[in-house]
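# Observations on the three-dimensional arrangement
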Amino acid sequence: MGTPEFPDLGKHCAVSDCKLIDFLPFTCDRCNQVYCLEHRSYIKHQCTKADKLDVTVVICPLCAKGVRLVPDQDPNITWENHVNTECDPSNYEKATKKKKCPASGCKEILVFSNTIKCRDCLVDHCLKHRFGPDHKCPGPKKLETSFSFMSLLNRSRKEETNPKSSSTSSSKWTSSFLNAASNIRASAEAGMSKLGGDINQAWQTARDGVGQSSSSDHRNGQVEQCPQCGAKFSSVATLVDHVQKVHERSGNRSGVNVTIDVCPKCSRGFRDPVSLVEHVERDHGGSSRA
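Residues numbered from 1 in each chain as written. Predicted model: local features only at pLDDT ≥ 70, side-chain atom pairs only at ≥ 80, totals over all residues. Heavy atoms only, no water.

On to the pattern of salt bridges. In the structure shown here, the tally under the stated rule is four salt bridges. Here D124 and K99 are joined by a salt bridge, their closest N and O atoms 3.0 Å apart. Residue D124 is found in strand β8 (residues 124-125), and its partner K99 is found in the loop between α2 (91-96) and β7 (116-117); the two are separated by 25 residues along the sequence. Here K99 falls in the partly exposed class, since its relative accessible area comes to 48%. (Salt bridge = Lys/Arg side-chain N within 4 Å of Asp/Glu carboxyl O. Helix = DSSP H or I, 4+ residues; strand = E, 2+ residues; numbered from the N terminus. Buried < 20%, exposed > 50% of the residue type's maximum accessible area, 1.4 Å probe, protein only.)

What follows is the structure in structure tokens.
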């Protein structure tokens, strides 16, 4: 068997009447014997273990369930075990009844490939009646209304006014619920009124402060004017902020670079240093030092 170069090449067929040397033999997955091309099938070599991994299934006529026949076991025993343990005749109608399209006059059986769920009524229909007008769709289902606090409150008040129509337990629950609701409402109204008073007081304080500062500045003659746009300000600091924000950052500065000198005594600004010296000598006793 084989060749001088490959002495193990090829094997004899396991069939006693054949014994053919096959260089590409087949091994049976049941009996693990080697066979030639002609005897490779179970029937040809009459395999004794052909049903070792058999998966034959018989449909039960009572419950429409599949019953697997166990290899090396009498089918009658397998059938009796199924009938005595898991057979349920009520499942027969569910398994055998085919789902049909619910549209009127349509008898098409619904399967995986021709079934479409309507997005409004959420019912399965066939392809022909998949649109709403085709199956007379009632439209989307209305969502349940949310919990209405005022309706419950009004209903509770009506029940309180008519004690004969409600029982003692319901009246107690209604009274406790109304007390809790009234307390919540009172606390909310108190908080809103307090917040409104604080806001009004803050606005009044701001207006009073602005009016007092502007009137005192006018009385003292301390009104500063922007040299570029002519805007008037009550203090030098406000004027400097205005020049930095409006004329320097926005790039709207004029061709002349204006320098403002501040009085060390009263913080009043002067564009001319001579005017600052005259102001100090006239108003502060002639001393320009802080």
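Turning our eyes to something else, we now look at the packing of aromatic side chains. One pass over the full model with this rule turns up zero aromatic pairs. The positively charged end of R40 is found above the aromatic ring belonging to F26, 5.7 Å away from the centroid. (Phe/Tyr/Trp six-rings, centres within 6.5 Å; stacked < 30°, edge-to-face > 60°. Lys NZ or Arg CZ within 6 Å of the ring centre and 35° of its normal.)

The subject of this paragraph is the state of the cysteines. Taken as a whole and judged by the stated rule, the model has zero disulfides. Here C28 is not disulfide-linked; the sulfur of C31 is the nearest cysteine sulfur, at 3.6 Å. (Disulfide = S-S within 2.5 Å.)

Looking now at a nonpolar patch on the surface. Where nonpolar side chains cluster on the molecular surface, the patch consists of F6, L9, I21, F23 and L24 and spans about 520 Å² of accessible area. As for its position among the elements, F23 is in the loop between β2 (21-22) and β3 (26-27). Judged by its relative accessible area of 46%, F23 is partly exposed. (Patch = residues over 30% accessible without salt bridge, like charges linked within 9 Å, V, L, I, M, F, W, Y side chains within 5 Å. Areas by Shrake-Rupley, 256 points an atom, 1.4 Å probe, with all protein chains shown as cover.)

Formed by C13, V15, C28, C31, Y35, C36 and C47, the largest nonpolar core amounts to seven residues. With near-sequence residues (within four places) excluded, C13 lies in contact with C18, K19, L20, V34, Y35, C36 and H39. By size, the runner-up hydrophobic cluster in this structure holds five residues, among which are C101, A103, C106 and L110. (Core = buried A, V, L, I, M, F, W, Y, C linked by side-chain atoms within 4.5 Å. Contact = heavy atoms within 4.5 Å.)

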